[in-house]
Amino acid sequence: MELAMKPEQMKKKFFTPWVIALTLIAINGLIFLAIRFFWGIGAVTNLSNEHPWGIWIGIDVAAGVALAAGGFTTAALGHIMHRDKYEAVIRPALLTAMLGYTFVAVSVAVDLGRYYSIWHPLIYWNGNSALFEVGMCVMIYVTVLYIEFLPIVTERFIGRVNLPGVLSRLNGTIDKILRALDRGLNKTMFIFIIAGVVLSCLHQSSLGTLMIIAGPKMHPLWQTPVLPLLFLLSAFSVGFPMVIMESITASKSFGLKPETHILSKLGSMVGPLLGIYLAFKLGDMFIRETFVYLTELTTESVMFSIEILLGVVIPLRMFLSNEVRKSPTGLYIASVLVIFGVLLNRINNFLVAYTPPYETASYFPSIGEISVTLGFVCMEILLYRFFVKHFPIISIPDKAGINKAKYSIKGA
Amino acid sequence: MNKQNRRDFLKSVTTVGITAAGLSAAAPTKLNAAPENVLSEDRMGVLVDTTVCIGCRKCEWACKESHGMHAGDIEDYDEKGIFNSRRRPDHTGHTVVNEYENDKNRSLPIYLKVQCMHCDRPACVSACIVGAFSKKESGAVIWDDSKCIGCRYCMVACPFQIPAFDYHKALEPDIHKCDFCFDRTKNGKLPACVEICPVETLTYGKRSDLIQVARNKIKNYPDRYLDHIFGETEVGGTSWLYLASKEFEKLDFPKLGKNPAPGVSESIQHGIFAYFIPPIALYALLGGIMWISKNRDKSEGEAH
């Protein structure tokens, strides 16, 4: 049997040349964000009455939600199907999902004209609106993710609460609260874990329902009544590739050996998932006979072909190969292709496919929009690095042989 | 959950189940908490006879004037140079008149007034996340400033590309669109554009009557009009109806089917959330799988 895995805090220093570069990109994004808040959305974006949604919705929100799918897919695998061997990847995936959804919420707020009214859906309901459903689900799911993360916080601080100065008098009380919290969560965590998976299935698919109401404004290659199903299936297939990509990147960054045996087992599930997605995508194309649009050379036909070939077909073939799954490089490339495919699919659905009836200019994101989007991505990576340094997230082989059960994830 | 025994687990599952059932019992009433969307038999409409319009743009002025927008001098609206480009309604004006070539008589261009069509089954009402849009008994589709969060989903949804947004306001940006002079008509007044129109291009009346009027016009003057009332059936019907001498597509009207714009998305939404049964069923299914997998693991552990 392999060595037991145990989540540990990473010890490497926070700042490296790469981290400094990421920080600068993040600051650049913040500058443009400030302009947006002082002078309005029009001051930094290329949005118009023709193109009301840009990359802040297409990438930050739609693709952001899809790429955070690692959280619920690993939770389903590890907790619900109870496959213990995947425990090592659950915490990193949970952290990514938590950060990812937090930034989805922040991005929505940035894009809202009246960001300070973001809470309105809580009191003004519209059950007919797909956006209402997405909004409510995401709101609840973010809360669920924070609750799922709490046991990691209690594990980090129980017996180690050490506040400075006068506050140190509270140490005992806080420790007691943490212990009570830990016990409570231990008993109830499964409720939140199942809820997390249900909520994810709901809003991942409803995100696809969003564009259906745009009707003929959306290119027929993408506009289909099965969009919700396609969005859900693509979210299923991108979950594990995200986990694999992040795990390999983190291993490299922290000088660890990649957990190839776990990752290649995860990889073996990606092939079938991608296959199902591709089958529905192509089936839909043949039933609606939209392949006729592929015979003409347009932006839409080119983008659709890239999305299918580079983002689905090639990685599907790669994940079905034993050799690729056994090598970290192969796994990495295949995973990045799947991620690219889903990212492109969301961009295509929300931006490329959208052609308003009175279009005078096509949409391309402004420097400001790109800066903010890149800034958010960098902030997410920096926060990820901060969290894995200060909380036990990434599992390493447990050489000391400490009882594994002690650190098993609560609710498992 | 390692420490938790089977009875505890069952107990918790039951609790969750009861809570969920309670929620679902309360759900139908909550689901009705959709925005007002009345389709009154007596709803009003406007018939636009584009063969009559002279392009004086007085309607643009009256619209701005009655909605407290900067209207300027009415004389300035005689300026014809503005017709060199096609305009769309936006935050500076909720209606615009555009000029099109008349194939039958080049010296008499076709003028076309553009504003919200006030759909019978409006996409904006269905789409709006907070239900800030509503379809009133009068036929008007109006926007509620106090609910709007500025997400611009109405703009994505609208098949006529009508709602416009204040992109250059950092605080309280509004969605701009024709409100069918909701406040004026409520007090028995005509919509501002209808009232000022000097040549009776615009006829305000009950939508069902207007369709009759339009049919008679087409019957009596078959050379003057195309046999098509735009808005009678498009996207399930609109309160504003158009007659023209030239194909509507050549007048920049979008080609739309008869199905209401929100039809497909609403059936999907209501399918997924039919009395909350599908989500609850999924929850129960996953709970079951979780319980079985856990016990399988446990019995395997005991066997070793």
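One can find the structure itself at the top, above this paragraph.
Because the structure is a prediction, the values reported are computed rather than measured.

S.K.: I keep staring at the overall build of chain B and nothing clicks. Help me out?
M.R.: Scanning chain B for helices and strands turns up nine helices and nine strands. Split into buried and exposed, the 304 residues of chain B put 51% on the buried side. Contacts spanning at least 24 positions in sequence make up 60% of the contacts within chain B whose residues lie at least 6 apart. Counting only carbon and sulfur atoms, one obtains 55% of the accessible surface of chain B, whose full area is about 14600 Å².

S.K.: Any chance you could explain helix H9 (residues 299-320) of chain A here in plain terms?
M.R.: Residue pairs three or four apart in sequence face the same way in an α-helix, which turns once every 3.6 residues. Residues and elements named next belong to chain A. Relative to the 32 Å expected for 22 residues at 1.5 Å per residue, H9 spans 30 Å between its end C-alpha atoms, a close match to the ideal helical length. At Leu309, H9 shows its maximal kink, close to 25°. Residues of H9 that are buried include every one of Glu300, Ser301, Phe304, Glu307, Ile308, Gly311, Val312, Pro315, Leu316, Met318 and Phe319, and no others. Buried-residue contacts for H9 involve helix H7 (227-253), helix H8 (260-287), helix H10 (322-326) and helix H11 (328-352).

S.K.: Help me understand unusual backbone geometry in this model?
M.R.: Peptide bonds are trans in most cases, and residues, glycine excluded, mostly fall at negative phi. Residues and elements named next belong to chain B. The phi angle at Val235 is positive, at roughly 35°, despite the residue not being glycine. With respect to the helices, strands and loops of the structure, Val235 is situated in the loop between helix H7 (207-220) and strand E9 (240-243). Taking relative accessible area as the criterion, Val235 reaches 4% and is therefore assigned buried.

S.K.: Any chance you could explain the packing of helix H3 (residues 70-80) of chain A against helix H6 (residues 171-209) of chain A here in plain terms?
M.R.: Helix-helix packing: each pair is described by the crossing angle between the helix axes and the interaxial distance. Residue and element names in this part refer to chain A. Relative orientation of the contacting elements H3 and H6 amounts to 145°, with a least axis distance of 9 Å. Where H3 crosses over H6, the handedness of that crossing is left-handed. Counting all contacts with H3, which are made through Phe72, Ala76, His79 and Ile80, the residues of H6 involved are Ile193, Ile194, Gly196, Val197, Ser200, Cys201 and Gln204.

S.K.: Would you take a moment to explain the environment of Ser301 of chain A for this structure?
M.R.: Residues and elements named next belong to chain A. By the secondary structure assignment, Ser301 is in helix H9. The exposure class of Ser301 is buried, given its relative accessible area of 3%. Separated by 80 residues in the primary sequence, Ser301 and Leu221 have C-alpha atoms spaced 8.0 Å apart. Side-chain polar atoms of Ser301 contact the backbone nitrogen of Thr298, separated by 3.0 Å.

S.K.: Is there a simple way to think about the packing of H7 of chain A against H11 of chain A in this case?
M.R.: Residue and element names in this part refer to chain A. Where H7 meets H11, the axes come as close as 8 Å, and the angle between the chain directions of the two elements is 145°. Viewed along their axes, H7 and H11 form a crossing whose handedness is left-handed. Seen from H7, the contacting residues are Leu227, Phe231, Ser234, Ala235, Ser237, Val238, Pro241, Met242, Ile244, Met245, Ile248 and Thr249; seen from H11, they are Pro328, Leu331, Tyr332, Ser335, Val336, Val338, Ile339, Val342, Asn345, Arg346, Asn349 and Phe350. Counted by class, the contact of H7 with H11 contains 17 nonpolar, six polar and one charged residues.

S.K.: Hey, could you run me through the environment of Phe236 of chain A in this one?
M.R.: Residue and element names in this part refer to chain A. Checked against the element boundaries, Phe236 lands in helix H7. Taking relative accessible area as the criterion, Phe236 reaches 23% and is therefore assigned partly exposed. Taking the C-alpha atoms as reference points, Phe236 and Ala69, 167 residues apart in sequence, are found 7.0 Å from one another. Look past the residues within four positions of Phe236 in its chain and what remains in contact with it is Phe72, Thr73, Cys201 and Leu273.

S.K.: For this particular structure, what's the right way to read the interface of chain A and chain B?
M.R.: How big an interface is tends to be expressed through the accessible area that disappears when the partners come together. Listed as interface residues are 69 residues of chain A and, on the opposing side, 76 residues of chain B. Interface area, chain A with chain B, both sides summed: about 6200 Å², of which 60% is carbon and sulfur. For chain A, the biggest contributors to the area lost against chain B are Arg114, Ile213 and Tyr358 of chain A; these three give 15% of the whole. Summed over the shared surface of chain A and chain B, the result is three salt bridges.

S.K.: In this structure, what is going on with the sheet that holds strand E8 (residues 202-206) of chain B? I would like to understand it.
M.R.: All names here are of chain B. Here we have three strands laid out as an open sheet, ordered E8-E1-E9, and mixed in their pairing. Each end of this open sheet is capped by a strand with a single partner; those strands are E8 and E9. Each adjacent strand pair in this sheet contributes to an overall mean axis angle of 25°, direction not counted. As judged from the four bridges shared by strand E1 (residues 44-49) and E9, these two strands associate in the parallel manner. Residue Asp49 lies in a different strand from E9, and its bridge partner there is Leu243.

S.K.: How should I be thinking about a negative patch on the surface in this particular structure?
M.R.: All names here are of chain B. Residues Asp73, Glu75, Asp76 and Glu79 make up a contiguous surface patch of negative charge. Tracing the backbone shows Asp73 in the loop between helix H2 (58-66) and strand E2 (96-100). Note on Asp73: relative accessible area 42%, which makes it partly exposed.

S.K.: Please explain the packing of aromatic side chains as it appears in this structure.
M.R.: Each aromatic ring pair is specified by the distance between its two centres and by the angle formed by the two planes. A full pass over the atoms with the stated rule returns 27 aromatic pairs over all chains. Measuring from centroid to centroid gives 4.8 Å for Tyr101 of chain A and Tyr141 of chain A, while their planes differ by 85°, and the two rings are edge-to-face. Pair noted here: Tyr101 of chain A is in helix H4 (residues 87-111) and Tyr141 of chain A is in helix H5 (residues 130-157), with a separation of 40 residues, a long-range link. Each member of the pair, Tyr101 of chain A as well as Tyr141 of chain A, is classed as buried. A centroid spacing of 5.9 Å and a plane angle of 55° characterise the contact between Phe180 of chain B and Trp240 of chain B, whose relative ring orientation is tilted. Of the two residues, Phe180 of chain B is situated in the loop between strand E7 (175-176) and helix H5 (182-186) and Trp240 of chain B in strand E9; the sequence distance between them amounts to 60 residues. Summarising the burial analysis for this pair, Phe180 of chain B and Trp240 of chain B share the class buried. Chaining the aromatic ring pairs together yields one cluster made of Phe149, Phe157, Phe386, Phe387 and Phe391 of chain A. Over the ring of Phe165 of chain B we find Arg152 of chain B, and its NZ or CZ is 5.1 Å from the ring centre.

Criteria and cut-off values
Residues numbered from 1 in each chain as written. Chains lettered and ligands numbered in written order. Predicted model: local features only at pLDDT ≥ 70, side-chain atom pairs only at ≥ 80, totals over all residues. Heavy atoms only, no water. Helix = DSSP H or I, 4+ residues; strand = E, 2+ residues; numbered from the N terminus. Buried < 20%, exposed > 50% of the residue type's maximum accessible area, 1.4 Å probe, protein only. Contact = heavy atoms within 4.5 Å. Areas by Shrake-Rupley, 256 points an atom, 1.4 Å probe, with all protein chains shown as cover. Expected span 1.5 Å × (residues − 1). Bend = angle between axes of the 7 residues up to and from the residue. Axes fitted to C-alpha atoms, helices over the stretch in contact; angles between N-to-C directions. Left-handed = near helix turned anticlockwise from the far one by under 90°. Polar contact = N/O pair within 3.5 Å; in protein donor to acceptor, adjacent residues only side chain to side chain. Nonpolar A, V, L, I, M, F, W, Y, C, P; charged D, E, K, R; others polar. Buried area = accessible area lost by both parts, 1.4 Å probe. Salt bridge = Lys/Arg side-chain N within 4 Å of Asp/Glu carboxyl O. Pairing = 2+ DSSP bridges. Patch = residues over 30% accessible without salt bridge, like charges linked within 9 Å, V, L, I, M, F, W, Y side chains within 5 Å. Lys, Arg positive; Asp, Glu negative; His and termini not counted. Charge placed at Lys NZ, Arg CZ, Asp CG, Glu CD. Phe/Tyr/Trp six-rings, centres within 6.5 Å; stacked < 30°, edge-to-face > 60°. Lys NZ or Arg CZ within 6 Å of the ring centre and 35° of its normal.

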